[in-house]
Amino acid sequence: MKKGYTEQVHTLHLQDQHLTYRIYRHPEVEGQRRLVLVHGAGVAGRDTWEMLQSFLGHWSEILVPDLRGMGDTVYPDGKEHPFSVQELVADLGALVDYLGWWNFDLSGYSLGGLVSLLYKQQHPDRVGKQYLLEAACLDRPDWESTVTLREKYSAAAVHLRGAEKEAGIREFLDTISPNRKITPQTERLTIDRLGQRPEGFAYALDSVTQAIREVDRESLLASQGDVTSFIGGNSVELMHQLHLTLAERMPNWHYFHVAGTDHSLPFQKPRQIARVMNAELERFSRIG
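Cut-off values and rules
Residues numbered from 1 in each chain as written. Predicted model: local features only at pLDDT ≥ 70, side-chain atom pairs only at ≥ 80, totals over all residues. Heavy atoms only, no water. Pairing = 2+ DSSP bridges. Helix = DSSP H or I, 4+ residues; strand = E, 2+ residues; numbered from the N terminus. Axes fitted to C-alpha atoms, helices over the stretch in contact; angles between N-to-C directions. Contact = heavy atoms within 4.5 Å. UniProt positions renumbered as here; feature names shortened; annotations may be inferred. Buried < 20%, exposed > 50% of the residue type's maximum accessible area, 1.4 Å probe, protein only. Polar contact = N/O pair within 3.5 Å; in protein donor to acceptor, adjacent residues only side chain to side chain. 1 Å grid on protein atoms, 1.4 Å probe; cavity = no way out; pocket = protein on both sides within 12 Å on 5 of 7 lines; lining within 4 Å. Points joined across faces, edges and corners; volume = space filled by probe spheres on them. Nonpolar A, V, L, I, M, F, W, Y, C, P; charged D, E, K, R; others polar. Parallel < 35°, antiparallel > 145°, perpendicular 65-115°, else oblique. Left-handed = near helix turned anticlockwise from the far one by under 90°. Salt bridge = Lys/Arg side-chain N within 4 Å of Asp/Glu carboxyl O.

Structural notes on the sheet that holds strand S7 (residues 227-232)
The strand order across the open sheet built from eight strands is S1-S2-S4-S3-S5-S6-S7-S8, with neighbouring strands paired in mixed fashion. Two strands in the sheet have a free side with no partner beyond their single neighbour: strand S1 (6-14) and strand S8 (253-258). The average angle at which neighbouring strand axes cross in this sheet is 20°, direction not considered. Judged from the five bridges that link them, strand S2 (residues 17-25) and strand S4 (residues 61-65) form a sheet pairing that is antiparallel. In the strand pairing of S4, Arg 25 is matched with Glu 61. Its contacts with the sheet put helix H2 (residues 85-99) on S1, S2, strand S3 (34-38), S4 and strand S5 (104-109), and the angle it makes with S2 is roughly 55°.

This is how it looks when you write it as structure tokens:
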């Protein structure tokens, strides 16, 4: 652990969920600014964010929850169950209410990006600066293409719930990161990381597919505040086109191309992304 911050692990016992979360405290940071980091499908919060948060310089407290079906968060009966993205949003709301975090900055990766967008839409006065790392539902400029893409993830989820779990993970990776640079070591590490709770991972993918059928993307975008959006340099060109277009037509949207990475950008470039997050908060604070 890097000298200078502490980590505490806790569990919030909700009616149908034992929600595990971590709070990282940076005592050297002046002020009381707080940040919530929401991870993506299939991977725990600590695995996603611990390295990145160690490079952040403007937040005295950083909250990292494990979403349903992932990490150390479990149902009371110890089994995996289907869930919706709206339930994830409600879990996040219950957690920050319990902690008394009435104002905070918010960052979401992939599935966590969609959770973050929806939370901001529902609680606009509680969220300050926002960060998105390849947020789900912001994959393609054309909405029909976005919906079609989600069906491919549902196909991967079928394998994850069956005997061919690794095939399902590979299908997911080929869909979300078709241009990734594959080496045996990194591919094995990624597969092992995503395979820790395969059925929970499958339900996470299903939750996004269901949400995509229900969400009004334009209304969702219109309800956001100051957003910094990161897209991996090796991610599909259509995703870059969407976020470049959003930055051109929305003065509150700030798009960053992260060279040399793909959808796994918080794992591959934590220092670089943290540096931009720090600078973007400084910009936001000046205009605020």
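Some words on the UniProt feature "domain: AB hydrolase-1" (unreviewed entry) in the protein
With numbering matched to this structure, UniProt assigns "domain: AB hydrolase-1" (unreviewed entry) to residues 35-275. The distance from the first to the last C-alpha atom of residues 35-275 is 15 Å, and the span holds 51% helix and 14% strand.

Looking at the environment of Thr 190
Within the secondary structure, Thr 190 sits in helix H6 (residues 184-194). Relative accessible area serves as the criterion here: at 13%, Thr 190 is assigned to the buried category. Spatially, the C-alpha atom of Thr 190 lies 9.6 Å from that of Val 43, the residues being 147 residues apart in sequence. Separated by 2.9 Å, the side chain of Thr 190 and the backbone oxygen of Thr 186 make a polar contact.

Remarks on empty space enclosed by the protein
The tally for this structure, following the rule as stated, stands at four cavities of 30 Å³ or more. The space that makes up the largest cavity amounts to roughly 90 Å³. Considering the residues around the largest cavity, the lining is formed by 13 residues, among which Ser 110, Leu 111, Ala 136, Arg 150 and Ile 176 are closest to the centre. Listing elements by their share of the lining of the largest cavity, those giving two or more residues are helix H4 (143-160), helix H5 (165-176) and helix H7 (198-214). A per-class count over the lining of the largest cavity returns eight nonpolar, two polar and three charged.

What about the packing of H4 against H7?
Interhelical geometry of H4 versus H7 gives an angle of 160° and a closest axis separation of 9 Å. Taken together, the axis directions place H4 and H7 in an arrangement best described as roughly antiparallel. The crossing of H4 and H7 is left-handed. Contacts between H4 and H7 involve Trp 143, Thr 146, Val 147, Arg 150, Glu 151, Tyr 153, Ser 154, Ala 157 and Leu 160 from the former and Pro 198, Glu 199, Phe 201, Ala 202, Leu 205, Asp 206, Val 208, Thr 209, Ile 212 and Arg 213 from the latter. Its residues assigned to classes, the contact of H4 with H7 comprises eleven nonpolar, three polar and five charged.

As for the pattern of salt bridges
Applying the stated rule across the entire model yields 25 salt bridges. Between Asp 66 and Arg 22 there is a salt bridge, and its shortest N-O distance comes to 4.0 Å. Here the residue Asp 66 occupies a position in the loop between S4 and H2, and Arg 22 occupies one in strand S2, the gap between them amounting to 44 residues. On the basis of relative accessibility, which here comes to 3%, the residue Asp 66 falls in the buried class. For Arg 22, a relative accessible area of 9% gives the class buried. A cluster of three or more residues bridged by salt bridges with shared partners is formed by Glu 166, Arg 170, Asp 174, Arg 180, Glu 187, Arg 188 and Asp 192.

Some points on the environment of Ser 229
Within the secondary structure, Ser 229 is located in strand S7. Exposure remark for Ser 229: the relative accessible area of 0% places this residue in the buried category. On a C-alpha basis, the gap between Ser 229 and Leu 132 in space is 4.7 Å, while along the polypeptide they are 97 residues apart. The residues touching Ser 229, leaving out its near neighbours within four places in the chain, are Leu 132, His 243, Trp 253, His 254, Tyr 255 and Phe 256.

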